[in-house]
Amino acid sequence: MAFLLFKAELVGRISLSFVHRKFNSYRTLRDLNRFGVDLLPEKLNRRLFLGVKSKPLDEDLIESSLSELEKFGLNSPGLKIDLPEITDLLPNLKGRNVLDHFSKIGKEQTQPYLSVLSPLLQAEVPPAPVYWRIEPGWTRYGFDGSVEKVNYPLEPATVFDVEVSVKTDPRAVMAVACSSQAWYAWLSPHFLADGFPSRMTPDSMIPLGSDSSVKVVIGHNVSYDRIRIGDEYRLDRSGTRFMDTMSMHIAMSGMTSSQRMMKQAEKNMEEDGKPTWLKQTSMNSLADVHQFYCNPENRIEKDVRDSFVKLSLAELRQDIPNLLNYCAGDVLATLDVSKVLIPKFLRACPHPVTLSGMLTMSTSFLPTNNCWNRYLEDADAAYDVLEKTMLEQLETEVRLAAALIKDTRYTQDPWLWDLDWKPASLRTKKRKFLDKLKTDELLTDKENKFPSWFQDLADEEDGRVFLNISTSKRVVPKILKLTWKGFPLHFDKTEKWGYLAPTPNAETIMESIENGEMETRFPLKEYLGTLENWRSVRSTDPTDIFVDQIPDYSDNKYLKKPGKPDKSEVGKDIGLPGVLFYKLPHKNGPRFRVGNPLGKDFLSACGEGGALASKIKNLAGELLKTSSQLAYWRNAKDRLLEQVKVDLPSENLPDCVTSDPAFKSDNVYSIIFPSLVVSGTVTRRAVEKTWLTASNARKDRVGSELKTAIRAPPGFHFVGADVDSQELWLASILGDAECGGHGSTPLGWMSLQGERSKGTDLHSKTASAAQVSRDQAKILNYARIYGAGEQFARLLLKQFNPDLTESEVMSRARHMYEQTKGLRGYKLNEKGKWLYDFLFQEEKEYHGSMVSKKMMNILAKKMLFINRVIEESKMINHKGSSILVHQLTEEAVSLYQQFTGSTISTVSPVLLDDGKLREFYLYLEEKFGETSQSDFDVLNSLVQQTIWFGGSESHTFNKLEEIAMSTFPKTPVLGANISKALDSRLIGRNYLPSRINWVVQSTAVDFLHLLLSSIEWFFIQFNIKGRFVISIHDEVRYMVRSEDRYKAALALHLSNLLVRSHVAASLGLNNLPAITAFFSSVDIDTVLRKEPNSDCITPSNPLGLEKGHGVPFGEGLDIFQVLEKIQNKEKEGERMKSSSL
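We now turn to the structure provided with this report. Just so it is clear, the model here is predicted, and its values are computed rather than measured.

Scoring rules and cut-offs
Residues numbered from 1 in each chain as written. Predicted model: local features only at pLDDT ≥ 70, side-chain atom pairs only at ≥ 80, totals over all residues. Heavy atoms only, no water. Helix = DSSP H or I, 4+ residues; strand = E, 2+ residues; numbered from the N terminus. Rg over C-alpha atoms; globule rule 2.2 N^0.38 Å. Buried < 20%, exposed > 50% of the residue type's maximum accessible area, 1.4 Å probe, protein only. Contact = heavy atoms within 4.5 Å. Areas by Shrake-Rupley, 256 points an atom, 1.4 Å probe, with all protein chains shown as cover. Lys, Arg positive; Asp, Glu negative; His and termini not counted. Charge placed at Lys NZ, Arg CZ, Asp CG, Glu CD. Salt bridge = Lys/Arg side-chain N within 4 Å of Asp/Glu carboxyl O. Pairing = 2+ DSSP bridges. Axes fitted to C-alpha atoms, helices over the stretch in contact; angles between N-to-C directions. Parallel < 35°, antiparallel > 145°, perpendicular 65-115°, else oblique. Nonpolar A, V, L, I, M, F, W, Y, C, P; charged D, E, K, R; others polar.

As for the overall build of the protein chain
For step 1, the next point in the chain: Counting its secondary structure elements, the protein chain contains 37 helices and 32 strands.
For step 2, the next point in the chain: Since a compact globule built from 1141 residues should have a radius of gyration of about 32 Å, the 34 Å found for the protein chain is in line with a globular shape.
For step 3, the next point in the chain: The C-alpha extent of the protein chain, read off along each of the three principal axes, is 105 × 105 × 75 Å.
For step 4, the next point in the chain: The proportion of buried residues among the 1141 residues of the protein chain is 55%.
For step 5, the next point in the chain: A sequence separation of at least 24 residues applies to 73% of the contacts in the protein chain between residues at least 6 apart.
For step 6, the next point in the chain: Within the structure as shown, the protein chain displays about 50,500 Å² of accessible surface, and the carbon and sulfur contribution to it stands at 48%.
For step 7, the next point in the chain: Distance from the positive charge centre (144 side chains) to the negative charge centre (147 side chains) of the protein chain: 1 Å.

Observations concerning the pattern of salt bridges
For step 1, the next point in the chain: This structure, assessed with the given rule, holds 50 salt bridges.
For step 2, the next point in the chain: With its nearest N and O atoms 3.6 Å apart, the salt bridge here joins Asp1044 to Lys1047.
For step 3, the next point in the chain: Classification of Asp1044 by relative accessible area gives buried; the value is 5%.
For step 4, the next point in the chain: Residue classification places Lys1047 among the buried positions, given a relative accessible area of 18%.

Regarding the side chain of Thr87
For step 1, the next point in the chain: Mapping Thr87 onto the fold places it in the loop between strand 4 (82–84) and helix 3 (98–122).
For step 2, the next point in the chain: Looking at Thr87, the relative accessible area reads 2%, which means it is buried.
For step 3, the next point in the chain: With sequence-adjacent residues up to four places away left out, Thr87 is seen in contact with Lys43, Leu44 and Arg47.

Points about the pairing of strand 29 (residues 1026–1032)
For step 1, the next point in the chain: Counting buried residues along strand 29, 6 of its 7 residues qualify, which places the element largely inside the surrounding structure.
For step 2, the next point in the chain: Sheet analysis places strand 29 next to strand 30 (residues 1035–1041), joined by 6 bridges and oriented antiparallel. Bridged to Phe1028 within strand 30 is Tyr1038.

A short note on the packing of helix 32 (residues 954–964) against helix 34 (residues 992–1021)
For step 1, the next point in the chain: Two numbers describe how helix 32 lies on helix 34: the axes approach to 9 Å, and their chain directions differ by 105°. Of the possible angle classes, the one that applies to helix 32 and helix 34 is roughly perpendicular. When helix 32 is examined against helix 34, the residues Leu960, Glu961, Ile963 and Ala964 are found in contact with a partner set consisting of Leu992, Arg995, Ile996, Val999 and Val1000.
For step 2, the next point in the chain: Here the residues of the contact of helix 32 with helix 34 sort into 7 nonpolar, no polar and 2 charged.

Some remarks on unusual backbone geometry
For step 1, the next point in the chain: Positive phi, close to 65°, is recorded for Lys496, a residue that is not glycine.
For step 2, the next point in the chain: You can see Lys496 is positioned in strand 17 (residues 496–502).
For step 3, the next point in the chain: The backbone of Gln771 sits at a positive phi, close to 60°, despite the residue not being glycine.
For step 4, the next point in the chain: For Gln771, a relative accessible area of 52% puts it in the exposed group.

Overview of the sheet that holds strand 16 (residues 487–492)
For step 1, the next point in the chain: Taking strand neighbours across the sheet as the criterion, the 5 strands line up as 18-17-16-15-19 in an open arrangement whose pairing is antiparallel. Unpaired on one side and paired on the other, strand 18 (579–583) and strand 19 (612–614) mark the two borders of the sheet. With direction set aside, neighbouring strand axes in the sheet form an average angle of 50°.
For step 2, the next point in the chain: Bridge analysis of strand 15 (residues 482–484) against strand 19 gives 3 bridges, and the strand direction is antiparallel.

Points about the environment of Met283
For step 1, the next point in the chain: By the secondary structure assignment, Met283 is in the loop between helix 7 (257–264) and helix 8 (286–294).
For step 2, the next point in the chain: In this structure, the C-alpha to C-alpha distance between Met283 and Gly254, residues 29 residues apart in sequence, is 7.8 Å.

What about helix 12 (residues 352–361)?
For step 1, the next point in the chain: For helix 12, the tally of buried residues reaches 10 of 10 residues, placing the bulk of the element in the interior.
For step 2, the next point in the chain: Inspection of helix 12 places Pro352, Val353, Thr354, Leu355, Ser356, Gly357, Met358, Leu359, Thr360 and Met361 among the buried residues, and these make up the whole buried set.

Considerations on the sheet that holds strand 31 (residues 1082–1085)
Across a sheet, paired strands are connected by hydrogen bonds in the backbone, their directions being either parallel or antiparallel.
For step 1, the next point in the chain: Within the open sheet, the 5 strands sit side by side as 29-30-22-31-32. Their pairing is antiparallel. One side of each edge strand has no neighbouring strand; the edge strands of this open sheet are strand 29 and strand 32 (1115–1117). Direction aside, the axes of adjacent strands within the sheet are offset by 25° on average.
For step 2, the next point in the chain: In this sheet, strand 32 lies alongside strand 31 in antiparallel orientation, the contact comprising 3 bridges. Counterpart to Asp1083 in the pairing with strand 32 is Gly1116.

No statement about biological role is implied by the geometric values presented.
In structure tokens:
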């Protein structure tokens, strides 16, 4: 985290729309707390936290926290943080403190939309019209029977759905809407005429009447519909907001990826064996969501949808009434869902800022210009050049390999021997293709034929004949003679790609082959000749792992289990004498098989000293490097060509654009709408397949400068910021709030005061514990905070260093987890408490303290034994008092008779109180001995919560698990409920990693919604003309008028202050660390890019933005620099005013 360490005074005047005062730099060191953390100055703190109730300080707790910090070497003096005196600069908050403020501005921002929405949700909507007018534009069908032409729907709230001819054009052919008073149908004039114009402009799309007035549009996956609304394509934001029933469903009842797999397999499960949570969720399609919430007699019919996919415009025109009925059916289903879902959603996410943030995100947009087409052309051209060079290199090697058919030398090649060398037919189409290529030198003298594998590569496209070879072709790794750690690669039909390592008796087997005692096609002698010092090789390590996801299969007993991973270091015998086969390491672990060793996941293994190499010097590295350069564009191109770019007519551009010196009349200014699902995952994170996953510009990736094709039009700037270490700070403050204040836990202290130069920041500490680089430690830290366990850390460590042995990986992972997460202990539930007191009453009673893992295993063994004795336990009334009694099992009754030496009637159940049961239990234990085995399910039945202790993050994880395992899990900041599919009451302790991940990420979504709400409020207060652009994970971007850009930067800085203060106040803390008060930098730029000083040089943008496009660098400003910019601008304005008088 960057620190604000400034000493110079900032003196002068700043003029905003509401204030004209002086400010000074303010030294805050006198406000250090007990843990050395510098807090906000008292005056500012009072403005933000007045009346916030905090937990009383517990001196014993503070001393304990100080001792723990000292244990981890985190007891250096506090940092000196200088902040500007901005208390008087803040507009008056709404209410006494930040908690009141956000509650009130959230209501102000959402109430207008809820007001216009209410009549629609309460309306009794009749069936769709029986007769539809086939006329271009909008037709209104009033509930009173009236039918009239209108320009757009008249009511401010509608449910809306569009249909597109997928084969023809991305613009809508028709749309249906429903309000509280009428049905509406729209038919595209271009659909009814001869087709769509080639240029996309707003007037060729759907008019919806979007202006500055408040309007609400509801849809299922509504961003798809929004893209087709013409009057939304404008530089100033309209008053229309979009509510997505799919997003609300995912937030309320969505599933993790592993749960979706189980949901899909539900129909194959026995009814009695189904997990109960399956009834509390559904898939995300409109048909499934409608069935789930409304339970109609008949499921929505979606067969008609295929017409829009398969038919031409002419064919669609023949069936317009039926197609409109289908569209109206979706609208009615969406309305039915909305009436049930929206009230439930507002109760599940009760804070008004949640809805406010989602409404803001529904207005995302991306401005661009002629640079968009240039970007596509440049990326395509660079791709073609690199691909051609790569394919030429490959083709040379392929031709050389095919030539081995002349003298059967391929039989002695350890890579090529098992390709299909049969002479191919002369009569096939592929042979005719080869005849057109210059391949005569490869022909055999006798049969004039090519090897079958080579002829299979021949192909034709658009009349061009070529060899269809790429790094994804199975023959290529063999042609390139690839090795893994020096061992030749081999493809097995079952195990896919792996490598062959010699057996200890390989030399003896080779002698047997040479003596004619054994027959084989495998060229063992030549294979051994490729190895260096092969006789010393006895085993290899096949468990290298490349990982990019955290699996969570808590309920996998309900699924068909994949094959068990081979954890041994012994290879597999695949029938080749003298060698064993080892699978190549897959990024997701040993249970997976590698389909392409030249894929992007192996790039880090290639190069000098890397595990993946080639016997053809340097070739594999060069080809893999080139393939990696091409991968981004290869994967992204189709998605980018599908983007709907709408050109703005020059007459519709505002004066601030056309009057700007940078305006060019021949430049076409355009807008792209992202297909953004505002709550697309169970953690409520937004999802968008192109822009939210877009790469930052990299020198080795074609097309990775994608974001730079998003450019502010003349007269506008982008203003944005990345939230510094957002999830780590949120996780750490949860622990700090429980332990005495900011910086009271090792994780909190490191997040706030750790210094990289001293090795006291979190990433440096983890790097030391795990013996990895600092960048690798970051990956480990975020994976752990997101809920990944020690096993996942092992996979990552193995990915970072494939040469580590299994024991080394286990040792490092365990040490790191002991240092960070700590050791595992347990807190007992009521059943566990009873068992503990039952067994150890004479020693001490259980009072909620932590129980060690060793003790839990003992308790589980005892409980397993007792479960065989007790049929059930229940409370009964005995002599006016309630006592706990235990009914013996049939087997136990017989043993009890032996114990007492008397005959007991079995007519009624045998009941024992705790005292008699204890005597009987001790007798049985002495007679039969202790149970040697524990049982995980039995152990789990005794646990209320896992307790972590002794690690730098133990307090944080205890709080995360406490929230995740609570009866009603909700985010600690805005109180958003967890999805019902992850409800603790339904799933017990299953899916705990997913639930911990939910706590962290969903709280980060709360942070984002607070930030958006605050920025919107400040824009009004400061009279800033601007609009939301996009949020990508932990960064936000706005577009504002150029003259407002520094005021907007100040709005973002102040919003960070208010949001972090709200988070602290929500957790019972009445102050904020000074270091977190403002963004380390707010970026002001004319293009989207990760850093404003990045020139974004890539293979497709070799000259960079400045030389190649004339785009200047932007600026990144901390709070002091922003205030200075505003001050200088005001001085300049005053000079200009004076000179004009």
